[in-house]
Amino acid sequence: MIEHETQPRHLFSALLAATFVVSRLLFHWMGVRFDASGLDWYWQYLDIELLKNDLVRSVFYQHAQPPLFNLFLGAVLKVFPTAYPVAFSLLFKALSLALYFLLFRILCLIRFRAGIAYFAATLFMLSPGAVLYENWLFYTWPTAVVLAFAAHRLLRYGQTRRVADALLYFAALGIVCLTRSMFHPAYLAAAVIPLLFMASPARRRLLPGAVAVLLVVGLLFAKNLVVFGFFGSSSWMGMNLWKVVPTGGKDQQIAESRVAQTEPFSAIAEYPDAFRKVPDAFASIPAVAAETKQNGHPNLNHFGYIAVSDAYKTKAIELIAGDPAGYAGIVAKAWGLYLAPAPSYPLLSKDNLAALKGYRSWWIPADSRIWVPAGYLLLAGGLAAQLRRLSAGERTLFLFCAGTVLYVALLGNVLEHGENMRFRVQTDPLLYLAALVAARRPLERLRLRPKNRLVREMV
């Protein structure tokens, strides 16, 4: 008899919870604190006063970002008008605890021994990147957790064929698309439609849920098309694309264009006056009419940024097409940033980085320049040798994790140069899981027997 089978089924749940609480108390003792300072000035956030006092209307007229994270911010500010820093901190801690359980349970479901699953999940959750992003008020960490939840639900559906699991998987992907603009409806369709074909007996029961999620996300795109004249979840694509324009082309345009002379994401007052005009229909809506937030920081949701970004996009496409070699060089540099350690992102709390300086110095597994390429090698190995040996549910999990990682990596690195390591962090749990799935055969002796009743009950 295997030892786990005689243990209480809540043993590992208690161990996970205790490990998490103790580790977070130790990090707090080391000086790590939750950083909500960006709430006042981050470009992605609406004016804090609008979030508190004009939330629904302001989010409806938000064109710079998908709506969900600003809705979350506003809801917390309304419920906790003075204690919101503590509320955000506790909510993000809860997300991390959820991710810890998700990683453990997914590994148990693919028949790793519970002890090995505990060790692997703990290793990830103790990494400096996990600690830093957990203590930063931004949508990167919540996105990572929701994607892991989607992976868990997908695996559960592959093993049980319960309709509720598939519907939760659909809902999780919808939440991601309504939080992060890089997750396009095409990604959603690619992640949802194959599941419908896999689930032929239950297709009629799943189809309404899949269609509902696709419609909700599509409504955001339709709203932006009708209200603002562009089809997308964010109006910033052109400003982001300007970052990957080869330098030589930029120099020429700077000499010829007033827009090109101004750095993307500058205050609207720094662009030509024509961009500062707000149509009469929007003049009474501060979310799109105000040039600055009430604290003086730029309002990057000003109506003029739609045209500003479009101007950048037109020039960027022209210049990239004219210098593909130069563009390829920028993309290569973007991949270098993508592989940079998670703590290297410049907007992370300097105090938290200082508090973890000694801890980070010996945490070799956290260096993504080592483990991310190793993860990709395992993905390639899994595709080449393992895929047909996996069960249907495990194969679906692997393809979802690997597909999402590659989607974010490819899209992010061809359209962005600067924040690429942050883009990667939101898929780090999936890369970790996919690599472990791909490594199942070499680690076969560490698997738990399929008939382990305890593991089935826990997950």
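Calculation rules
Counting restarts for each chain: residues are numbered from 1 in the order of the written sequence. With the structure being a predicted model, the display of local features is reserved for residues of pLDDT at least 70 and the display and counting of side-chain atom pairs for 80 or more, all residues being used for whole-chain, interface and lining totals. Values reported for side chains reflect all heavy atoms of the structure, with hydrogen atoms and water molecules removed beforehand. Runs of E in the DSSP output that reach at least two residues are strands. Runs of H or I that reach at least four are helices, and both are numbered from the N terminus. In this scheme, a residue with accessible area under 20% of its type's maximum is buried, one over 50% is exposed, and one in between is partly exposed, where area comes from a 1.4 Å probe on protein chains only. By definition, residues are in contact when any of their heavy atoms lie within 4.5 Å. Accessible surface area values rest on a Shrake-Rupley calculation with a 1.4 Å probe, where residue burial reflects the displayed protein chains alone. Axis definition: a line fit to C-alpha positions, over the contact stretch in the case of helices; interaxial angles, taken between N-to-C directions, run 0 to 180 degrees. Throughout, the term roughly parallel applies to angles under 35 degrees, roughly antiparallel to angles over 145, roughly perpendicular to angles from 65 to 115, and oblique to all others. By definition, any crossing whose near helix is turned counterclockwise from its far helix by less than a right angle is left-handed, and any crossing with a clockwise turn is right-handed. When residue character is reported, Ala, Val, Leu, Ile, Met, Phe, Trp, Tyr, Cys and Pro are called nonpolar, Asp, Glu, Lys and Arg charged, and the others, Gly included, polar. For a helix, the expected span equals 1.5 Å multiplied by the number of residues minus one. Taking the helix axis as origin, the arc is that swept by the directions to the C-beta atoms. Exposure above 30% relative accessible area and the absence of a salt bridge qualify a residue for a patch, where like charges join within 9 Å and nonpolar side chains (Val, Leu, Ile, Met, Phe, Trp, Tyr) within 5 Å. The working definition used for a salt bridge is a side-chain nitrogen of Lys or Arg within 4 Å of a carboxyl oxygen of Asp or Glu. Here a pair means two rings of Phe, Tyr or Trp (six-membered ring of Trp) with centres within 6.5 Å. Their orientation is stacked below 30 degrees between planes, edge-to-face above 60, and tilted elsewhere. In this scheme, the term charge over a ring applies when either NZ of a lysine or CZ of an arginine sits within 6 Å of the ring centre and within 35 degrees of the ring normal. Values of pLDDT, ranging from 0 to 100, describe the predictor's confidence in every residue of the model. What qualifies as a polar contact is a pair of N or O atoms within 3.5 Å, subject to a donor-acceptor requirement within protein and to the restriction that residues adjacent in sequence count only when both atoms come from side chains. The term nonpolar core refers to a set of buried residues drawn from Ala, Val, Leu, Ile, Met, Phe, Trp, Tyr and Cys, joined through side-chain atoms within 4.5 Å.

## Examining the overall build of the protein chain
Reasoning step 1: Along the backbone of the protein chain there are 23 helices and 0 strands.
Reasoning step 2: Going through the 459 residues of the protein chain one by one, you find that 55% of them count as buried.
Reasoning step 3: Sequence-distant contacts in the protein chain: of pairs separated by 6 or more residues, those separated by 24 or more amount to 75%.
Reasoning step 4: Accessible surface computed for the protein chain: about 19700 Å², of which carbon and sulfur atoms make up 66%.

## Here we look at the packing of helix H1 (residues 11-30) against helix H6 (residues 114-125)
Reasoning step 1: Packing of H1 against H6 brings their axes to within 11 Å, and their N-to-C directions diverge by 20°. Looking at the two axes, H1 sits roughly parallel to H6. Helix-helix and strand crossings are classified by hand; for H1 and H6 the assignment is right-handed. Of the residues in H6, those in contact with Phe12, Leu15, Leu16, Thr19 and Arg24 of H1 are Ala114, Gly115, Tyr118, Thr122 and Met125.
Reasoning step 2: Per-class residue counts for the contact of H1 with H6 are 6 nonpolar, 3 polar and 1 charged.

## Some details on helix H16 (residues 324-338)
Reasoning step 1: Between its first and last C-alpha atoms H16 spans 21 Å; for 15 residues at 1.5 Å apiece the expected length is 21 Å, and the two agree.
Reasoning step 2: Those residues of H16 lying buried are Tyr327, Ile330, Val331, Ala334 and Tyr338. Seen from one end, H16 has its buried residues packed into an arc of 100°, which puts them on one side. More than 90 degrees from the buried face of H16, the exposed residues found are Ala325, Ala332 and Lys333.

## Here's the deal with unusual backbone geometry
Reasoning step 1: Of note, the phi angle at Arg161 is positive, near 60°, even though the residue is not glycine.
Reasoning step 2: Structurally, Arg161 can be placed in the loop between helix H8 (140-160) and helix H9 (163-177).
Reasoning step 3: Given the relative accessible area of 36%, Arg161 is considered partly exposed.
Reasoning step 4: The phi dihedral of Phe265 is positive, around 70°, even though this residue is not glycine.
Reasoning step 5: Mapped onto the elements of the fold, Phe265 is located in the loop between helix H13 (247-256) and helix H14 (286-289).

## What to know about a nonpolar patch on the surface
Reasoning step 1: A surface patch of nonpolar side chains, amounting to about 380 Å² of accessible area, comprises Val22, Leu26 and Trp29.
Reasoning step 2: The residue Val22 is located in helix H1 in this model.

## Here we look at the packing of aromatic side chains
Reasoning step 1: All chains considered together, the criterion is met by 35 aromatic pairs.
Reasoning step 2: Arranged with centres 5.3 Å apart and planes meeting at 65°, the rings of Phe34 and Phe92 form a pair that is edge-to-face. Of this pair, Phe34 sits in the loop between H1 and helix H2 (48-53) while Phe92 is found in helix H5 (residues 84-109), placing the two residues 58 residues apart along the sequence.
Reasoning step 3: Overall, Phe92 belongs to the buried group, its relative accessible area being 0%.
Reasoning step 4: Here the aromatic rings of Phe228 and Phe282 are separated by 5.8 Å at their centres, their planes lie at 20°, and the arrangement is stacked. Taken as a pair, Phe228 in helix H11 (residues 203-228) and Phe282 in the loop between H13 and H14 lie far apart in primary sequence, 54 residues in all.
Reasoning step 5: Site record: aromatic cluster; members linked through ring pairs are Trp41, Tyr42, Tyr45, Phe69, Phe72, Tyr84, Phe88, Tyr133, Trp136, Phe138, Tyr139 and Tyr345.
Reasoning step 6: Positioned above the aromatic ring of Phe60 is the side chain of Lys223, whose terminal nitrogen or guanidinium carbon lies 5.4 Å from the ring centre.

## What to know about the pattern of salt bridges
Reasoning step 1: A complete count under the given rule lists 12 salt bridges for this structure.
Reasoning step 2: The shortest N-O distance in the salt bridge between Asp165 and Arg162 comes to 3.1 Å.
Reasoning step 3: By relative accessible area, which is 41% here, Arg162 ends up partly exposed.

## Focus: the environment of Leu430
Reasoning step 1: If you trace the backbone, Leu430 turns up in helix H22 (residues 428-438).
Reasoning step 2: In this structure, the C-alpha to C-alpha distance between Leu430 and Phe400, residues 30 residues apart in sequence, is 8.5 Å.
Reasoning step 3: Once residues within four sequence positions are removed from consideration, Leu430 is found in contact with Leu147, Ala148, Ala151, Phe400, Cys401, Thr404 and Val405.

## Side note on the confidence of the model for the protein chain
Reasoning step 1: Here the protein chain averages 86 in pLDDT, while 83% of its residues score no lower than 70.
Reasoning step 2: A low-confidence stretch, residues 1-8 stays under pLDDT 50, and its non-local contacts, those more than four residues away or across chains, total 16 contacts.

## Some points on the packing of H5 against H22
Reasoning step 1: Following both chains from N to C, one finds H5 and H22 inclined at 15°, their axes separated by 11 Å at the closest point. Judged by the angle between their axes, H5 and H22 are roughly parallel. The interaxial crossing formed by H5 with H22 has right-handed handedness. On the side of H5, the interface is formed by Leu99, Leu103, Ile106 and Leu107, while H22 contributes Pro429, Leu433 and Leu436.
Reasoning step 2: Considered class by class, the residues forming the contact of H5 with H22 number 7 nonpolar, no polar and no charged.

## Quick look at the side chain of Arg24
Reasoning step 1: Relative to the helices and strands, Arg24 is located in helix H1.
Reasoning step 2: A relative accessible area of 10% places Arg24 in the buried class.
Reasoning step 3: If sequence neighbours within four positions are ignored, Arg24 has contacts with Lys93, Met125, Leu126, Val131 and Glu134.

## Quick look at the side chain of Asp428
Reasoning step 1: Structurally, Asp428 can be placed in helix H22.
Reasoning step 2: Classification of Asp428 as buried rests on a relative accessible area of 7%.
Reasoning step 3: A distance of 3.0 Å separates the side chain of Asp428 from the side chain of Arg424, its partner in a polar contact.

## Considerations on the nonpolar core
Reasoning step 1: Ranked by size, the top nonpolar core spans 123 residues in total, and within it Leu39, Leu137, Trp141, Leu173 and Phe400 carry the most contacts.
Reasoning step 2: Take this core: its biggest share by element is 14 residues, from H5.
Reasoning step 3: Residues within four places of Leu173 in sequence aside, it is in contact with Leu147, Ala150, Tyr187, Leu188, Ala191, Val192 and Phe400.
Reasoning step 4: Within the second largest apolar cluster, 21 residues are counted, among which are Trp236, Leu241, Tyr271 and Tyr305.

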